[in-house]
Structures are given as structure tokens and as C-alpha cells.
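Here is what each chain is made of, one letter per residue.
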Amino acid sequence: MLKSDILILGGGTAGLVSALILKTRFPKKEISVVKSEKIGVIGVGEGSNEEWAYFVEFCGLDSNEVIRETDATVKLGIKYINWTDKDYIHNVDNRFYENSNIGQLAGSYIHSYVNDESQIDTTDDLIAKAQVPNTNETCSNQYHFNALKLRDYLEKKCKERNIKIHTDDIKDVITNDKGIDYITGEKQYKSDFYIDSSGFKKVLIGKLGVKWNSYDEYLPVNEAIAFPTEDTDEYPLYTSSTAMKYGWMWNTPVYGRWGNGYVFDNNYINAEEAQKEAEEYLGKKIEFIFKNIKFSAGSLDKFWVKNCMAVGLSSNFIEPLEATSIGGTITQVFMFMNYYDCANDLQVKQFNDKMAMVIENLRDFVILHYQVKKNDTEFWSNLKNLPIPPSLQHKLDLWKDRLPIREDFPSTGYCLFYEMNFISIMYGLKLLNKEALSKIYDGFSDYHKLRIKNTITEYNIIKNKWKNNTISHKKWLAKVRGV
């Protein structure tokens, strides 16, 4: 029987990221991963959000090494195409947060952009021209990855840090009054604590009496096809999310090719029809479908039960919009490591309560994207008939006459999306009440209006510096890769 302090079942991104974070936090503990060769990854491109940078810094990884070994490209946001009459980008510069708690100062700053209909970020010129600052450091904390190479890179880093990786197919899970006792495949594995990263199968946590809270009534899509396409001369600095007839399509550049997928509602079309529609939109034949995935949005009612915690797809799945999978795992494991050493019933309950807030925040943010006026197909027209969760409806009621503010969000610092993210989407979908915002802005003192003006001036100075010293995205990647 192979023994460890913490055993992670699953060798995908969620499991390997969890292993690296926990080994960094608990270097004296024996941490092991059991992976299956029979379970693959989607492998046609994977995106991260801001949490990736926290993970890289915490674990002492080299960002440029990550870029080289995972065929990564720089990501500055997500561009929403055809969701409304004007395409928009969700990209929030971290400097927005500097003023977010000073009343409505950050909000009025956004308002000044709403009036002249400029993109709400400081990197719009870079995005438009696919240019990045000509330095040795990346201009972003987000990336697109080749999912297969990301897995290989993370596994290599685990081995370098003496995290034992076993290849086995688990056939039996033995429980006792403390939770998971041991698991059996070709060998037996026993651990003090178990992390379930086995995906939708929930091999471990499923044995401990958890329930699945479905979000199907709120979210319209339930199936996806994923496929690669050939390389291009240049790469944009964003993920494309294009509204299709019965859902939406992602297009993600990675070095050497593209990863794509059509996420749709199979009550209207099937995978073959989705492929045909995607081919018509792209103007090319899709050579092969890498994956056809059917899914159900939802989350566990408890994420940590006894001596087991679920991460990744074992824990929750909303849908691919906003690329929250990696970031959700990172923030969950960061939270977990602060409770692990002192775990008791009270600590576990608070962890589960806080994680429920994190998932609710993630779910509500994704649902916000579907509050569109688009009605050119039955799919889009019927969105208005879908219920809105009370938690999101309450916020939308608050925001009828003002912008979101930090106090509108749950009392945990681990949420992925806050006021500026919600403002960005509401701005793009034209859900902001400009008349009410104008009254708020007009009520500011001259001093605060001057601060807003100075902030905009500062941002323009930064933009001009970038304009005068940029290089194309693909050339910058080649330079980092030593090509």
C-alpha cells in the first residue's frame, strides 16, 4: 500500500495545479497524484484569467518558461462578437481597483467612458493592432495555452518538486467513518487527505453523500464540439466569443494553431448541425472534431466532506464562457490551504460556505452575459423566458439606477468577479442607466472630477508609451521562444 499525506486523484490541469500549490505551501508533506492514461483532456486550447498570475508567483514559476513550453499566447481579455449591435471586450485593468472603494469614483470614471463610447480599458490600442510592449516581460497576467502541453509542463514541475505521480485506474474506493480510507487500482493507495480531481465522475467525493445542485434552469447551453484549426500569420490578444444561432463559439489562439469550439443548446441542434454552422461561419471545412462533450451546469452542495475535497470538474461546472475553470481551481486551493492545518467541523463549514459564495458569484457573472436583447433565432428569443437566480436579480435591481460597487458582493476575497467585471459586461450589453449615471457624475465635486480627469490623462500617457515601443504579438512570442 502506497501512503501519502495528501493524495490527488486526477492528472489534469486542476489536479496538477492543486498539487503544486499544496507542495509549495506544505513542503514537508508527502503529496502524490494518481492519474489515468485512459482519461484525456480537451486539448484544443485553454484560457486562464488573473488567478493564473497569482499561481505562477506563489509557486515560483517562470512566466516566459510557461509561454515557451505550453505554446501560450498573451490574453488581454475576451471579445464578444455579435452578442449585441456593437462588439465589446471584457478586460479590466487592475489599476481600476485602486479607486473602487472611494464611493462612486471608479464608477464615475467608467461613466466618462460610457458617454464617449470608448472601450473600458487601457489596452484597447494594443488589442486593436495585436501589438505588445517590446520588452522581455509580458504585458498581461492571462494566457491561452495548448492544454496538452500545459498538462505536460505542470506534470514536469510536479516531478521536479518530488510530487509522486502514479499511473493507475482506480476501481474501488473504501470508506470509513472519517471519509475515504483507501483506494484501489493495480495498487492500493492510502492518504490522510484526498483531493478529488477525477472530473465529472466524482470518483471520491461521490462516495461521501454529496448532492449536485443543477443550474440547468438558468443556463441555456449543454453541449459542445471542440476542434483545432490551422495557424495564422498573427494572433489577437483576446479570446473570441462569437454569438451563433444556438449558442456561442470560442476561438483561442495558441502558438502554431488555434483551438475552437461551439457551445450550444442541443434542444435546437445536434453536434453535426453545430459543425455545419461553424463551418459556414468560418468559411472552411472542419477537418475533425476533437471532442464532443455533453454537460450539465451545477455544483456540489459541499466541496469538502470529512477527509476529501473536490476541485475542478468534480466540484463544479458552469460553462466555458469566461474561462473560469483554471482560476476557480486556483482560488479554491488557495482558500483550502488556509483551513487545512486547523481543520475541524467549524472550519470545514466556513470553507464550504465561502466556496458556495465563490461559485454563486461565478455562476451569476456568466448568466449576466445572457441578459441580451438579441432575438434573431428561437434560442436567443427564448432566453428571456429563463429564470434569473434571486442573487443576481437582487443585484440587477440595485443596479437599475447606479453602478455595481464592492459592497454588493459576498464577504469573501476569493470571488473571481467584482464590480468592474460586472460593469464591463453591463456596458457591453447596454444595461447601464446612462441618465442615472449622469446625475451621479454631475454630483461630484470639481476636485473629484479633476481626479478622474488626471487618471484618464495618466492612462493616456501609458498608452502613448506603449504605442512608441511595441512589437507584434507573434513576433514577441517568437522572441520569448528564442525563434
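Counting restarts for each chain: residues are numbered from 1 in the order of the written sequence. Whole-chain, interface and lining totals are the exception, using all residues; otherwise, since this is a predicted model, local features are given only for residues with pLDDT of at least 70 and side-chain atom pairs are given and counted only at 80 or more. In computing side-chain values, all of the structure's heavy atoms are included and hydrogens and water are not.

Caption draft 1: The nonpolar core, seen in detail. Counting 128 residues, the largest nonpolar core has Trp-52, Phe-55 and Tyr-370 as the members making the most contacts within it. Counting from the N terminus, the helices are the DSSP runs of H or I reaching at least four residues and the strands are the DSSP runs of E reaching at least two. With 10 residues, helix H9 (residues 345-368) is the single largest residue contributor to this core. Counting residues in hydrophobic clusters, the runner-up holds 11 residues, among them Ile-269, Ala-271, Ala-278 and Ile-286. Buried Ala, Val, Leu, Ile, Met, Phe, Trp, Tyr and Cys residues form a nonpolar core when they are joined through side-chain atoms within 4.5 Å. Classification of residues uses two cut-offs on accessible area relative to the type maximum, computed with a 1.4 Å probe and protein chains only: under 20% is buried, over 50% is exposed, and between them is partly exposed.

Caption draft 2: Spatial organisation of the environment of Ile-8. Among the structural elements, Ile-8 can be located in strand S1 (residues 2-9). We classify Ile-8 as buried; its relative accessible area is 0%. In the structure, Ile-8 is positioned 24 residues away from Ser-32 in sequence and 6.2 Å away in space, judged by C-alpha atoms. Other than its neighbours up to four places away in sequence, Ile-8 contacts Gly-15, Ser-18, Ala-19, Ile-31, Ser-32, Val-33, Val-34, Ile-195 and Ser-197. Should any heavy atoms of two residues lie within 4.5 Å, those residues are considered in contact.

Caption draft 3: Region of interest: the pattern of salt bridges. Note on definitions: salt bridges are taken to be side-chain nitrogens of Lys or Arg within 4 Å of carboxyl oxygens of Asp or Glu. Counted according to the given criterion, the structure contains 23 salt bridges. When the shortest N-O distance is used, the salt bridge between Asp-376 and Lys-374 registers 3.2 Å. Classification of Asp-376 as exposed rests on a relative accessible area of 52%. You can call Lys-374 buried: its relative accessible area is 17%. Sharing partners across several salt bridges, the network here consists of Lys-35, Glu-37, Glu-155 and Lys-159.

Caption draft 4: Quick look at helix H15 (residues 473-480). Counting buried residues in H15 gives 6 out of 8 residues, a clear majority hidden from the surface. Taken together, the buried positions of H15 are His-473, Lys-474, Trp-476, Leu-477, Ala-478 and Val-480. Among the structural elements, helix H3 (63-70), strand S4 (73-75), strand S7 (131-133) and strand S23 (470-472) are those in contact with the buried residues of H15. Gly-482 occupies a position one or two residues after H15 and carries a positive phi of about 75°.

Caption draft 5: Up close: a nonpolar patch on the surface. Taken together, the side chains of Leu-148, Phe-288 and Phe-290 make up a nonpolar region of the molecular surface, amounting to roughly 240 Å² of accessible area. Along the chain, Phe-290 turns up in the loop between helix H7 (271-282) and strand S18 (291-294). Patch membership requires over 30% relative accessible area and the absence of a salt bridge. Like charges are linked within 9 Å, and nonpolar side chains (Val, Leu, Ile, Met, Phe, Trp, Tyr) within 5 Å. We get accessible surface area from the Shrake-Rupley algorithm with a probe of 1.4 Å; when it comes to residues, only the shown protein chains can shield them.

Caption draft 6: Here's a closer look at the environment of Phe-417. With respect to the element layout, Phe-417 can be found in the loop between helix H11 (390-398) and helix H12 (419-428). Between the C-alpha atoms of Phe-417 and Asn-361, which are 56 residues apart in sequence, the distance is 6.8 Å. Among residues more than four places away in sequence, those in contact with Phe-417 are His-90, Glu-322, Thr-324, Asn-361, Leu-362, Phe-365, Phe-409 and Phe-422.

Caption draft 7: Examining the sheet that holds S4 more closely. Strand pairing requires that DSSP identify at least two bridges connecting the strands. Sheet architecture is open: 3 strands sit in the order S3-S8-S4, paired in antiparallel fashion. Two strands close off the open sheet at either side, each with one partner strand: strand S3 (46-47) and S4. Note that S4 and strand S8 (residues 142-145) share 3 bridges and pair antiparallel. Opposite Val-74, over in S8, you have Tyr-143 as the bridge partner.

Caption draft 8: Quick peek at unusual backbone geometry. You will see that Asn-82, though not glycine, has its phi angle at about 70°, which is positive. Relative to the helices and strands, Asn-82 is located in the loop between strand S5 (78-81) and strand S6 (88-90). Phi angles above zero are rare outside glycine, and Lys-430 is one such case at about 60°. Residue placement: Lys-430 occurs in the loop between H12 and helix H13 (434-442).

Caption draft 9: Region of the structure containing the packing of aromatic side chains. Only rings of Phe, Tyr and Trp enter the pairing, Trp through its six-membered ring, and a pair is recorded when the two centres are within 6.5 Å. The plane angle decides the type: under 30 degrees is stacked, over 60 is edge-to-face, the rest tilted. Taken as a whole, this structure holds 33 aromatic pairs when the rule is applied. An angle of 75° between the planes, with centres 5.3 Å apart, marks the rings of Trp-83 and Trp-380 as edge-to-face. Taken together, the residues Trp-83 in the loop between S5 and S6 and Trp-380 in helix H10 (residues 378-381) connect sequence positions 297 residues apart. Pair check on accessibility: Trp-83 and Trp-380 agree, each one buried. An angle of 50° between the planes, with centres 6.3 Å apart, marks the rings of Phe-288 and Phe-290 as tilted.

Caption draft 10: Representation of the packing of helix H2 (residues 51-59) against helix H8 (residues 325-337). Every axis corresponds to a line fitted to the C-alpha atoms, with the helix fit spanning only the stretch in contact, and the corresponding angles, defined between N-to-C directions, vary from 0 to 180 degrees. Packing of H2 against H8 brings their axes to within 8 Å, and their N-to-C directions diverge by 50°. Looking at the two axes, H2 sits oblique to H8. The two elements H2 and H8 meet at a crossing, and its hand is left-handed. Two secondary-structure elements touch here, H2 through Glu-51, Trp-52, Tyr-54, Phe-55 and Phe-58 and H8 through Ile-326, Gly-327, Ile-330, Thr-331, Phe-334 and Met-337. Amino acids are sorted into nonpolar (Ala, Val, Leu, Ile, Met, Phe, Trp, Tyr, Cys and Pro), charged (Asp, Glu, Lys and Arg) and polar (every other residue, Gly among them). Grouping the amino acids of the contact of H2 with H8 by side-chain chemistry returns 8 nonpolar, 2 polar and 1 charged. Oblique is the label for any angle not covered by the other classes, which are roughly parallel (under 35 degrees), roughly antiparallel (over 145) and roughly perpendicular (65 to 115). The crossing is said to be left-handed when, going from far helix to near helix, the turn is anticlockwise and less than a right angle, and right-handed when the turn is clockwise.

Caption draft 11: Just the packing of helix H1 (residues 13-25) against H8, in detail. In the contact formed by H1 and H8, the axes pass within 10 Å of each other and the chain directions differ by 30°. It follows from the interaxial angle that H1 and H8 lie roughly parallel. The interaxial crossing formed by H1 with H8 has right-handed handedness. Residues Thr-13, Ala-14, Val-17, Ser-18, Ile-21, Leu-22 and Arg-25 of H1 form the contact with H8, whose own contacting residues are Ile-326, Thr-329, Ile-330, Val-333, Phe-334, Phe-336 and Met-337.

Caption draft 12: Region of the structure containing the environment of Ile-359. Turning to its location among the elements, Ile-359 is positioned in helix H9. Given the relative accessible area of 3%, Ile-359 is considered buried. Distance in space between the C-alpha atoms of Ile-359 and Lys-245 is 28 Å, their sequence separation being 114 residues. Those residues within four positions of Ile-359 in sequence are excluded, and the remaining contacts are Tyr-215, Ser-299, Phe-303, Asn-316 and Ile-318.

Caption draft 13: Region of interest: the sheet that holds strand S19 (residues 298-300). In spatial order, the strands read S13-S19-S22; together these 3 strands make up an open sheet with antiparallel pairing. Edge positions in the open sheet fall to strand S13 (212-214) and strand S22 (316-317), since each of these has one partner strand only. Taken together, the 3 bridges between S13 and S19 define a ladder with antiparallel strand orientation. If you follow Asn-213 over to S19, its bridge partner there is Ser-299.

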